[in-house]
Amino acid sequence: MTKAKKTGSGESSPRSHGITIITEPTAEELAERQISDYRAHREKFIKWVLNLGKDPERGEGYAEATADIRCARVDKFYRWVWEQEDGYTTRVSHEHADTYMRELAYSDASQDTKANMMKALKTLFWWRGWEFGEDEWEPELTFSNDTSTTNPRDYLSVEERQQIREAVLKYGSVPSYNSLSPEERDEWKEYLAQRFVKPKTEIGPNDFDRANSWKFPSLLWTALDTGLRPIEVERATTEWVDAQNRVLRIPKEESSKNVDNWTVSLTDRTAEALSRWLDEREQYEMYENTDTLWLTRQANPYGSHALNHVLRRVCEQAGIDTENRDISWYSIRHSVGTFMTREEGLAAAQAQLRHRSSKTTLRYDHAPPDDRRDALNRMG
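Residues numbered from 1 in each chain as written. Predicted model: local features only at pLDDT ≥ 70, side-chain atom pairs only at ≥ 80, totals over all residues. Heavy atoms only, no water.

## What about the packing of aromatic side chains?
Definition in use: Ring geometry is summarised as follows: Phe, Tyr and Trp rings, the Trp one being its six-membered ring, pair when their centres sit within 6.5 Å, and such pairs are stacked at plane angles under 30 degrees, edge-to-face over 60 and tilted between the two. The numbering of helices and of strands both runs from the N terminus, where a helix is a DSSP run of H or I of at least 4 residues and a strand a run of E of at least 2. Throughout, exposure labels follow a simple rule: accessible area from a 1.4 Å probe, protein chains only, divided by the maximum for the residue type, with under 20% read as buried, over 50% as exposed, and the rest as partly exposed.
Taken as a whole and assessed by the stated rule, the structure comprises 20 aromatic pairs. Between W48 and W126, the ring centres sit 5.9 Å apart and the planes meet at 70°, which makes this aromatic pair edge-to-face. In this pair, W48 is assigned in helix α2 (residues 32-51) and W126 in helix α5 (residues 111-132), connecting sequence segments 78 residues apart. The exposure class of W48 is buried, given its relative accessible area of 4%.

## Points about the sheet that holds strand β4 (residues 247-250)
The following threshold applies: Strand pairing follows a simple DSSP-based rule, namely that at least 2 bridges must link the two strands.
The strand order across the open sheet built from three strands is β3-β4-β5, with neighbouring strands paired in antiparallel fashion. At either margin of the open sheet sits one strand with a lone partner, and together these are β3 (241-242) and β5 (262-265). Where β3 and β4 come together, two bridges link them in antiparallel fashion. Along β4, the bridge assignment pairs D242 with V247.

## Focus on unusual backbone geometry
For D86, which is not glycine, the phi torsion reads 55° and is therefore positive. With respect to the helices and strands, D86 occurs in the loop between α3 (64-85) and α4 (94-105). By relative accessible area, D86 is classed as exposed at 69%. Its identity is not glycine, yet A299 carries a phi of approximately 65°, on the positive side.

## Re the packing of α3 against α4
Selection criterion: Axis lines are fitted through C-alpha atoms, for helices just across the contact stretch, and the angle between N-to-C directions can take any value from 0 to 180 degrees. Should an angle lie under 35 degrees it is considered roughly parallel, over 145 roughly antiparallel, and from 65 to 115 roughly perpendicular; all remaining angles are considered oblique. We call two residues in contact whenever any of their non-hydrogen atoms come within 4.5 Å of each other.
The interhelical angle for the contact between α3 and α4, taken along N-to-C directions, is 100°, at an axis separation of 11 Å. The angle between α3 and α4 falls in the class roughly perpendicular. When α3 is examined against α4, the residues K76, F77, W80, V81 and E85 are found in contact with a partner set consisting of H96, A97, T99, Y100 and E103.

Below, the structure is given as structure tokens:
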């Protein structure tokens, strides 16, 4: 690979908000025009991590110290990719990430190093989804900052499902516009200006209503009823919703991994939330030319990364500890299968989860830990 020429100008170490943009190892790997291209690419990433990386929906970024470390790990990953591809590129893939993590898994690196690199790469691909519309990275191996090597996929307990249903009603909520004093309203306008990425002077009553939207309750409650896969959330349209009959009607051409139309049951409260959301979404300009049921703030369909983020934030709101668990959007689907199988049997679970074969549903045919514990107590 062509090496960059050293100059006395300090070209290799400018900083953005205190974070080094072009590190010395990177400068040694790249030619001058490559450095210029990588700088522009990396500046966008750093800015996003600092301003939106923690919670884009709320306009929250990471603290500078955290962002600095995370961006340095991502820079190291890019250099590894260049070695694999025998040259400079900014196009990094999920396959690159999985291969890198497999190598790291067999290395002498500490468990913390492996877990922290995984977090850095998740942040990278979250940004790439935001910036380029790419899919979220779901790593083949997952690591935590404890003594275990990997964590299996997790699912939500009955109690946690109820906690999520209640917590999402408060998720992102703000006081009503007319209930606030002028001083309080000014403070909330500043918050909403950051959240919706618009000038503070343009924040009005409609933005307060928007912050208390039925979008997230309808989304989470529908998932808790139906176990929608991320791709199904992305494909969902207003025509799927039959709130009057309390069902979701998924056409065969949109039903992931299936060839039949599906009619999936909804609870009364979910049907009501969807009905409220359908009325509300008509007020938003971004929905004028699309029948997509749910869109992100950037007017994009929800991908797995954005859905995982919403779930984790609602779990945080609910007080559900996820630190040593592999909680993802599929945790909702797993819980639907597990408890529907227990309550109504495999046939009901197969229909609700839209499995073509009952063999697929069999993996949910296991008793949760609490049930097994009760059985042991009864067994003596």
